[in-house]
Amino acid sequence: AITGFARTTHVTGTVTDIGLLMGQGVDPAHRHNHAHWSKCRALVCLLGSFAAGCAASFVASDEELVGMGDAVMFVPAAGMVLLGAVGHQQLWQDALARKVAPVEDATWVSESPRQDA
């Protein structure tokens, strides 16, 4: 489910969110809030994964170290395709389990009552 846990997938937004959470942590109301600090820890881990991905791609693209060159971009691209396919399959199975009309079958849209102004 999409929950709005992190507002962005870019480093700048993640750093901003971490800064805001740390600033709010100064307030005694948030100091012992487990959910508040769990989100902060998760965002710090996300920031670390951004840095690790940058370092890994730098090393992998270096011709002298690994020799993948520009082909290194196919590794995350293939991962994203795989994750998208798995996510699509999961959503499709959930829709079938709940007997929800698939996206391709838009006949249910015409069955809704018209609301004239």
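Everything in this summary refers to the structure shown in the same document.

What counts, and at which threshold
Residues numbered from 1 in each chain as written. Predicted model: local features only at pLDDT ≥ 70, side-chain atom pairs only at ≥ 80, totals over all residues. Heavy atoms only, no water. Helix = DSSP H or I, 4+ residues; strand = E, 2+ residues; numbered from the N terminus. Buried < 20%, exposed > 50% of the residue type's maximum accessible area, 1.4 Å probe, protein only. Contact = heavy atoms within 4.5 Å. Areas by Shrake-Rupley, 256 points an atom, 1.4 Å probe, with all protein chains shown as cover. Expected span 1.5 Å × (residues − 1). Arc of directions from axis to C-beta. Polar contact = N/O pair within 3.5 Å; in protein donor to acceptor, adjacent residues only side chain to side chain. Axes fitted to C-alpha atoms, helices over the stretch in contact; angles between N-to-C directions. Parallel < 35°, antiparallel > 145°, perpendicular 65-115°, else oblique. Left-handed = near helix turned anticlockwise from the far one by under 90°. Nonpolar A, V, L, I, M, F, W, Y, C, P; charged D, E, K, R; others polar.

1. Some thoughts on the overall build of the protein chain
Working step 1: Within the protein chain, the secondary structure is distributed over five helices and zero strands.
Working step 2: Along the protein chain, helices and strands appear, N-terminal first, in the series α-α-α-α-α.
Working step 3: Taking all 117 residues of the protein chain together, the buried fraction comes to 11%.
Working step 4: When contacts within the protein chain are restricted to residue pairs at least 6 apart in sequence, long-range pairs at least 24 apart make up 31% of them.
Working step 5: A total accessible area of about 9,400 Å² is found for the protein chain, and carbon and sulfur atoms account for 67% of it.

2. With respect to helix α1 (residues 11–24)
Side chains three or four residues apart in an α-helix point the same way, a direct result of the helix having 3.6 residues per turn.
Working step 1: Across its 14 residues, α1 extends 20 Å between first and last C-alpha, which sits within 8% of the 20 Å expected from 1.5 Å per residue.
Working step 2: Listed in full, the buried residues belonging to α1 are G13, T14, D17, I18 and L21. Angular distribution of buried residues about the axis of α1 spans 135°; they occupy a single face of the element.
Working step 3: On its buried side, α1 packs onto α3 (34–61).

3. Details of the side chain of H36
Working step 1: Mapped onto the fold, H36 is located in helix α3.
Working step 2: Looking at H36, the relative accessible area reads 7%, which means it is buried.
Working step 3: In this structure the side chain of H36 is engaged in a polar contact, spanning 2.9 Å, whose partner is the backbone oxygen of L21.
Working step 4: Those residues in contact with H36, other than ones at most four positions away along the chain, are L21, Q24, G25 and H30.

4. Structural notes on the environment of A60
Working step 1: Note that A60 resides in helix α3.
Working step 2: Sequence-wise, A60 and V72 are 12 residues apart; in three dimensions their C-alpha atoms are separated by 6.4 Å.
Working step 3: Setting aside its immediate chain neighbours within four residues, A60 contacts V66, G67, M68, G69 and V72.

5. Concerning the packing of α1 against α3
Working step 1: Here α1 crosses α3 at 150°, and the two axes come no closer than 9 Å. By the angle between their directions, the pair α1 and α3 is classed as roughly antiparallel. α1 and α3 meet at a crossing whose hand is left-handed. Where α1 approaches α3, its residues V11, T14, V15, D17, I18, L21, M22 and Q24 are matched on the opposing element by H36, W37, K39, C40, L43, V44, L46, L47 and F50.
Working step 2: Each residue belonging to the contact of α1 with α3 can be placed in one class, and the counts come to 12 nonpolar, three polar and two charged.

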